[in-house]
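If you want the building blocks of each chain, they are given just below.
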Amino acid sequence: MDLQNLSSEIDVRKEKIKKLKEQGFVVYKEKYDRTHTLLEAKTLPDGEKVKVCGRITFRRIMGKLSFFAIEDVNARLQVSISRNEISEEDYAFFKSMVDTGDFIGVEGELYTTHTGEKTVRTHNFDLLSKAILPLPEKFHGLTNMDQRYRERCMDLVSNEESRKVFLKRSKFLTFLRNFLGENGFIEVETPILQSAVCGASAKPFFTKHNALNKICNLRIAPEVYLKQVIAGGFDRVFEVAKCFRNEGMDPSHLQEFTMVEWYASYWNFEDNIKFFTKFIREAINCVCDGNMIVNFKGKELDFSKEFKRINYTERINEILGFNVLDYTDVNKLKSKIVETGLFSMNDFEDCKTVGGVIDFIYKRKIRENIVEPTVLFNYPACLVPLARRNDEDSRRIDMFQVLVCGDEICKAYSELVDPIVQRETLEEQANARKQGDDEAMELDEDFLNAMEHGMPPISGLGFGVDRMMCLLTGQESVRDVVLFPLMK
C-alpha cells in the first residue's frame, strides 16, 4: 500500500471510530468472556456452541454470506456470517464498520464446510477493539528483516514462522526450568547492577547509581554470585540471567542477551559434559517434537550420535608446531607465531595477552571448521581465570565447550575454589586491565571473601539462550529469536 492510500485508509478508520463513539458505542471493550481458545475450538465436534475471539486477518464480503478469519498466537479459525443468521442491521454494521486488524468476539455454532474447514457460524458478534493502522498489505507479512525487528508486533501477526520461533522459546524455557528442577537445581536471582566487573572476559556497560553516588557496571555474567550461593550451602543452583556486554553486534552476538548458568557441588567438568549432553538431547526432543535431527546453517545435524571430541591445546600446538603452554610473555609468543608464517604481527595488534593471542588463533583456525556437535576440552589456563587448574599440569584447565557449525553453544569447567590461586589470577586480570585490556576482569573482594570461607568442589556451565534458540529453530541470527532487539 502506497503512502497516499495508507493515509486515506487511516482517515477512513479514524472516521469510523469517531462515528461509533458519537453513537455511544464502546469501541474499545473492557473484556470478552470466551468459552474456548481458537485452538480448542478447532478440535470440537460440529454443532458445539462456542464463544471465541481474536484478530481479524482476512475478510471476504459477499451478498448475504461473508467469511472472515480470526487468529491468535496459536491458531486461525474461519468464521461465516450470514444475513440469514443475524439481523440486517448487524450484518450491515459488520460490512461497514469492521476491518481487518480489528479484534472481534463471535458467538456461534461450529460446522465443517464442504472444503473440510472448521468454521463458526455466527449467531452474535461484538467488535472488541478497532485498529487504526491496516495489517501489512495483502497480509503477506513483513519481508524486510530490519522492518520485522522494528515492528515485531506486525511480524508476529503476519508471519507464522516468527510466532513458532517465540512459542518454541517459551517452550524451551519451561523445559529448562523443569529439567533442572527435576535434577535438584534451585533457581536463584543475582544482581544486574554490580560493583566489580567479574565473571567473564568482556567489555561492560557502566551506569551511575545516584543514591549511592557510585559507578556500577551492568552484569556481564552471574558466575561469581552463583558461586557465593554455593558457598552459602546451596548444593545446586541456576539462573536465567539478563546479561550485558558493550561489544560488537553480529549474527551470534547482541549487547543484551539471556544467559543460563548452573553450578553443581561435587561435580567436575566431565560430569557436566554428561549432564549437558543429556540436557540438549532432551531439549531438542521437547522443542522439536521428538525429532533429533536439527537443520542449522544449511547443515543437517544428528544430535542422537556421540559428540566428537577435540583436545583444544593439542590442536593449537599441532597448528603452530610448538607448545603454547611454554609461553607466558605475550610479545615472545607473538614473535614465535609470526616465525611460522601463519600470521603477521599486524594480525595480533588487538591482542593484549597470551590468552588473547591463543583465542585469536582458535577462532581463525579451529572454530570455523567445526560443523558436527563437538566437545572441545583441555584449554590453556590463561584463557579463563575462574577455572580450576589441572592437577597434572597447572598450565591447563579442566574446561570444555560444545560447538556446532562454528557457534559456541556452551562453556563449562571445573571451578577454581582455591582462594590463594584465585586472588593471584584476578590480580593478573586487574593488571591486564590497567595495561589496556578492557575485557579483563576486576578483583572482586566479596567473591574472594566467600571463597576464603570455603567452597566445595564445583563444576559450572553457562550458555546463551538466544544462541541456543538459533540452533533449535534453525535461525541464522540471534535477532530472529529475540522479540525486541535493540536497533540503530
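Located above this text is the structure these notes cover.
Attention here is on the structure that accompanies the text. (Residues numbered from 1 in each chain as written. Predicted model: local features only at pLDDT ≥ 70, side-chain atom pairs only at ≥ 80, totals over all residues. Heavy atoms only, no water.)

What to know about the overall build of the protein chain
When you go through the protein chain residue by residue, the secondary structure sums to 14 helices and 18 strands. The principal-axis extents of the C-alpha atoms in the protein chain amount to approximately 90 × 50 × 50 Å. Looking at the protein chain as a whole, 50% of its 488 residues qualify as buried. A separation threshold of at least 6 residues defines the contact pool for the protein chain, and within that pool the share at least 24 residues apart is 64%. With the model as given, the accessible surface of the protein chain reaches about 24000 Å², and the carbon-plus-sulfur share is 47%. (Helix = DSSP H or I, 4+ residues; strand = E, 2+ residues; numbered from the N terminus. Buried < 20%, exposed > 50% of the residue type's maximum accessible area, 1.4 Å probe, protein only. Contact = heavy atoms within 4.5 Å. Areas by Shrake-Rupley, 256 points an atom, 1.4 Å probe, with all protein chains shown as cover.)

Describing the sheet that holds strand β17 (residues 407-414)
Paired through backbone hydrogen bonds, the strands of a sheet run either parallel or antiparallel to each other. One open sheet accounts for eight strands, arranged β6-β10-β11-β18-β17-β16-β15-β14; its pairing is mixed. Of all the strands in the sheet, the pair left with one neighbour each is β6 (186-187) and β14 (308-311). Bridge count for strand β16 (residues 396-404) against β17 is six bridges, and the pairing is antiparallel. Bridge assignment links Met399 to a residue of β17, and that residue is Tyr413. Strands in contact with helix α9 (residues 312-320) are β14 and β15 (374-380); relative to β15, the strand with the most contacts, it is inclined by about 75 degrees. Relative to strand β18 (residues 458-464), helix α14 (residues 465-473) is tilted by about 65 degrees, and along the sheet it contacts β11 (256-265), β16, β17 and β18. (Pairing = 2+ DSSP bridges. Axes fitted to C-alpha atoms, helices over the stretch in contact; angles between N-to-C directions.)

Here's the deal with the sheet that holds strand β9 (residues 214-218)
If you walk across this open sheet you meet the three strands as β7-β9-β8, and the pairing is antiparallel. Edge strands, defined here as strands with exactly one partner in the open sheet, are β7 (193-194) and β8 (206-209).

Quick word on the packing of helix α6 (residues 160-182) against α14
Relative orientation of the contacting elements α6 and α14 amounts to 120 degrees, with a least axis distance of 10 Å. Comparing the axis directions of α6 and α14 gives the class oblique. Here α6 and α14 pass one another in a crossing that is right-handed. Contacts between α6 and α14 involve Val165, Lys168, Arg169, Phe172 and Leu173 from the first element and Val465, Asp466, Met468, Met469, Leu472 and Thr473 from the second. Taken together, the residues of the contact of α6 with α14 sort by class into seven nonpolar, one polar and three charged. (Parallel < 35°, antiparallel > 145°, perpendicular 65-115°, else oblique. Left-handed = near helix turned anticlockwise from the far one by under 90°. Nonpolar A, V, L, I, M, F, W, Y, C, P; charged D, E, K, R; others polar.)

What about the nonpolar core?
Counting 51 residues, the largest nonpolar core has Phe172, Trp262, Phe276, Phe279 and Phe463 as its most contacted members. The biggest single contributor to this core is helix α8 (residues 269-287), with nine residues. Non-local contacts of Phe279, meaning those with residues more than four positions away in its chain, are made with Phe172, Phe175, Leu176, Phe179, Trp262, Phe463 and Met468. Listed in part, the 46 residues of the second largest apolar core include Leu333, Leu376, Leu386 and Met399. (Core = buried A, V, L, I, M, F, W, Y, C linked by side-chain atoms within 4.5 Å.)

With respect to the environment of Ile366
Examined against the element boundaries, Ile366 turns out to sit in the loop between α11 (354-365) and β15. Sequence separation between Ile366 and Leu448 is 82 residues, and the spatial gap between their C-alpha atoms is 34 Å. Apart from residues lying up to four places away in sequence, Ile366 is in contact with Arg315, Ile316, Ile319, Ile361 and Leu376.

Some remarks on the pairing of strand β5 (residues 118-129)
The sheet contact formed by strand β3 (residues 76-82) and β5 spans three bridges and is parallel. Opposite Ser80, over in β5, you have Arg121 as the bridge partner. As judged from the ten bridges shared by strand β4 (residues 103-112) and β5, these two strands associate in the antiparallel manner. Note that in β5 the partner of Leu110 across the bridge is Val120. Connecting β4 to the next strand, β5, in antiparallel fashion are five residues, including Gly116 with a positive phi near 85 degrees.

Details of the environment of Glu30
Note that Glu30 resides in the loop between α1 (3-22) and α2 (38-42). In this structure Glu30 comes out as exposed when scored by relative accessible area, which is 79%.

What about unusual backbone geometry?
Trans peptide bonds make up most of the peptide bonds, and negative phi angles are found at most residues other than glycine. One non-glycine residue, Asp289, lies in the positive phi region at around 55 degrees. Position of Asp289 among the secondary structure elements: in the loop between α8 and β12 (293-296). Residue Cys405 is not a glycine yet carries a positive backbone phi of 50 degrees. Secondary-structure assignment places Cys405 in the loop between β16 and β17.

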